[in-house]
Each structure stands twice: as C-alpha cells, then as structure tokens.
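Residues per chain are reported as follows:
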Amino acid sequence: KNQVEQSPQSLIILEGKNCTLQCNYTVSPFSNLRWYKQDTGRGPVSLTIMTFSENTKSNGRYTATLDADTKQSSLHITASQLSDSASYICVVSMIKAAGNKLTFGGGTRVLVKP
Amino acid sequence: DGGITQSPKYLFRKEGQNVTLSCEQNLNHDAMYWYRQDPGQGLRLIYYSQIVNDFQKGDIAEGYSVSREKKESFPLTVTSAQKNPTAFYLCASSSPAAGANYGYTFGSGTRLTVV
C-alpha cells in the first residue's frame, strides 16, 4: 500500500532554535517528493520539490533532504521564527499512466514559542 | 495576480441539504482537484479534472459531485448522501504540461460544518 508517514505528529520549539521533521514513504514508482507549509485555516504552500536524483534542496531557512534508497526525507528549519508555526506536510508523487498521483502525509504540527 | 479562489470560507449545512463549494482559478491550469482534510489525516482526493468537460472520481467520491464546464471553474457539491461532510475542503490546480515536477497551487479552503 502506498503510504507517507510523518514524525513527530507535533513539535514545540523555542524561537531561534533548529528542528528537523521526518517523512518516510512506501510510494512506488516514485516521481518526486514535496514539502508544503500549511498555516491554520489556510491552503498548503509549496516549500520544495525534489526528484529522484536530488538529495537536498533549500528554500530560505528550510532545507529538505531526500534519500531515495531508504525512502526517507527530512525538512530542517534553521533559526526558527514565530511565523514558522504551522503544519508541514510531506507529499509523494507517484508515476501513473494517467498522470502523477499524490499521496499526502498526515503532517507535523510545529509550534514556535518565544 | 494569478491564483485560486475558494468561497465561501465557512459554510454550514443542515441535515439533508446539498451545498456547493466554489473554486475558481486564473492560472490557466488545465487540471483541477478537490481534496478533503480531516484532523490528523493526510489530504484525500475527492474528484479531479484534467480537462474541461471531463472529470474522474478520486479515492472518496461517494456523496460528492462536480462539474467542469469552464477551464477556470470546478465547483464541488456535497450532497445529502455524504454522511460525514464536516471537514476542511481544499481545491487545487496544476499544469501537468509543465513537466513531471509541476507544482500544485492550493486555494485557502472552505470549512464545512453540519449543524
């Protein structure tokens, strides 16, 4: 079964500290992996997209890594800010004849405290 | 400014009532999607459309219906047959012609509550 598992489910960190979110997947055949940020009551916003051949990609203070062999990805947030409080969703795209199909993880809820 | 607009932001439905959620995009994207989000769960695909006048069922289509009469619009109707409609509904669009790494743009969502 194609699945995307994220950990931890929730995380509290102090402003200025770093944190790392994990994503494990079993989706196959793999096309790409995306990380989204979703503020409460809003739609997800794309942070990074990585293909099979990419093992790291950055977007400001966000750095995503991908190990396609072990089917694991991480999202590292550097020097966290209060505005980083949100849910972070890992999404894996699977190649299908009719186009790519997305499988969503349940998200990690991050709360940054002053 | 290009984007995808969902309305209303909040919607209340009485038992046995059909309601329609609006989704409009001006990104010139061919494909549009409807997802349902429940607390602690990943987004689940309800319906999707890759071209005007054509749409396909997703993983949880029962109790929902859609239409795609215009490229810009993809309304979702939650019918009385949907027994547990309370959820956060997200509309998205994409342009598959852009290649395998095409991005998805999401709307701001509609929160539907049964009263």
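Whatever comes next refers back to the structure up there.
Small disclaimer: the values here were computed from a predicted structure and weren't measured.

K.L.:
Lay out the interface of chain A and chain B in plain terms, naming residues and giving numbers.
P.N.:
Taken together, the contact pairs 19 residues of chain A with 19 residues of chain B. Summing the contributions of chain A and of chain B, the shared interface buries around 1500 Å²; its carbon and sulfur component is 47%. For the pair chain A and chain B, the number of links is 0 salt bridges. Connecting chain A to chain B are 2 residue pairs in polar contact (both at pLDDT 80 or more). At the level of secondary structure, the elements contributing two or more residues to the side of chain A that touches chain B comprise strand 4 (30-38), strand 5 (45-51) and strand 10 (101-104) of chain A. When residues of the side of chain A that touches chain B are assigned to their parent elements, the largest contribution, 5 residues, is made by strand 4 of chain A. For the side of chain A that touches chain B, the residue count by class is 7 nonpolar, 9 polar and 3 charged.

K.L.:
Give a description of the pattern of salt bridges that names residues and reports values.
P.N.:
All names here are of chain A. Considering all chains together, one arrives at 5 salt bridges over all chains under this definition. With its nearest N and O atoms 3.0 Å apart, the salt bridge here joins Glu-54 to Lys-57. A relative accessible area of 24% places Glu-54 in the partly exposed class. In this structure, Arg-61 and Asp-84 form a salt bridge, with 2.8 Å as the shortest nitrogen-oxygen distance.

K.L.:
Any details on a nonpolar patch on the surface? Residues and values, ideally.
P.N.:
Together, B:Tyr10, B:Phe12 and B:Val115 make up an exposed nonpolar region whose accessible area comes to about 360 Å². Looking at the secondary structure, you find B:Val115 in the segment after strand 11 (110-114).

K.L.:
Any details on the environment of B:Phe55? Residues and values, ideally.
P.N.:
Following the sequence through the fold, B:Phe55 ends up in strand 6 (residues 54-57). Distance from B:Phe55 to B:Tyr33, taken between C-alpha atoms, is 9.3 Å for residues 22 residues apart in sequence.

K.L.:
Describe the state of the cysteines, listing the residues and the values that go with them.
P.N.:
Residues and elements named next belong to chain A. Taken as a whole and judged by the stated rule, the model has 2 disulfides over all chains. Sulfur-sulfur distance for the disulfide between Cys-23 and Cys-90 comes to 2.0 Å. Taking the sign of the S-S torsion, -70 degrees for the link of Cys-23 and Cys-90, the bridge is left-handed. Taken together, the residues span a long stretch of sequence, with Cys-23 in strand 3 (residues 19-25) and Cys-90 in strand 9 (residues 86-94) at a distance of 67 residues. We note that Cys-23, like Cys-90, is buried. Cys-90 supplies the cysteine sulfur nearest to Cys-19, a cysteine that is in no disulfide, at a spacing of 15 Å.

K.L.:
Quick one: what's the story with unusual backbone geometry, residue by residue and with numbers?
P.N.:
The omega torsion of the bond from A:Ser28 to A:Pro29 falls at -5 degrees, within 30 degrees of zero and hence cis. A cis amide bond links B:Ser7 to the next residue, B:Pro8, at an omega of -10 degrees. If you trace the backbone, B:Pro8 turns up in the loop between strand 1 (4-7) and strand 2 (10-13). With phi around 60 degrees, A:Lys71 is a residue other than glycine that occupies positive phi space. Relative to the helices and strands, A:Lys71 is located in the loop between strand 7 (62-67) and strand 8 (72-77). Look at A:Lys71 and you get partly exposed, because its relative accessible area is 30%. Despite not being glycine, B:Asn28 has its phi angle at roughly 60 degrees, a positive value. Its location among the elements puts B:Asn28 in the loop between strand 3 (19-25) and strand 4 (31-37).

K.L.:
Which residues make up the sheet that holds strand 8 of chain A, and what values do they have?
P.N.:
All names here are of chain A. Judged by pairing direction, the sheet is antiparallel, and its 5 strands sit side by side in the order 1-3-8-7-6 without closing on themselves. The open sheet has two free edges, formed respectively by strand 1 (4-7) and strand 6 (56-59), since each of these has just one partner strand. In this sheet, neighbouring strand axes are inclined to one another by 15 degrees on average, regardless of whether the strands run parallel or antiparallel. Both strand 3 and strand 8 contribute to a ladder of 6 bridges, which runs antiparallel. What sits directly across from Thr-20, in strand 8, is His-76.

K.L.:
Could you give me a rundown of the environment of A:Lys17, with the residues and numbers involved?
P.N.:
All names here are of chain A. On the secondary structure map, Lys-17 appears in the loop between strand 2 (10-14) and strand 3. As a C-alpha pair, Lys-17 and Ala-79 span 62 residues in sequence and 5.0 Å in three-dimensional space. Among residues more than four places away in sequence, those in contact with Lys-17 are Ile-77, Thr-78, Ala-79 and Ser-80.

Conventions we followed
Residues numbered from 1 in each chain as written. Chains lettered and ligands numbered in written order. Predicted model: local features only at pLDDT ≥ 70, side-chain atom pairs only at ≥ 80, totals over all residues. Heavy atoms only, no water. Contact = heavy atoms within 4.5 Å. Buried area = accessible area lost by both parts, 1.4 Å probe. Salt bridge = Lys/Arg side-chain N within 4 Å of Asp/Glu carboxyl O. Polar contact = N/O pair within 3.5 Å; in protein donor to acceptor, adjacent residues only side chain to side chain. Helix = DSSP H or I, 4+ residues; strand = E, 2+ residues; numbered from the N terminus. Nonpolar A, V, L, I, M, F, W, Y, C, P; charged D, E, K, R; others polar. Buried < 20%, exposed > 50% of the residue type's maximum accessible area, 1.4 Å probe, protein only. Patch = residues over 30% accessible without salt bridge, like charges linked within 9 Å, V, L, I, M, F, W, Y side chains within 5 Å. Areas by Shrake-Rupley, 256 points an atom, 1.4 Å probe, with all protein chains shown as cover. Disulfide = S-S within 2.5 Å. Pairing = 2+ DSSP bridges. Axes fitted to C-alpha atoms, helices over the stretch in contact; angles between N-to-C directions.

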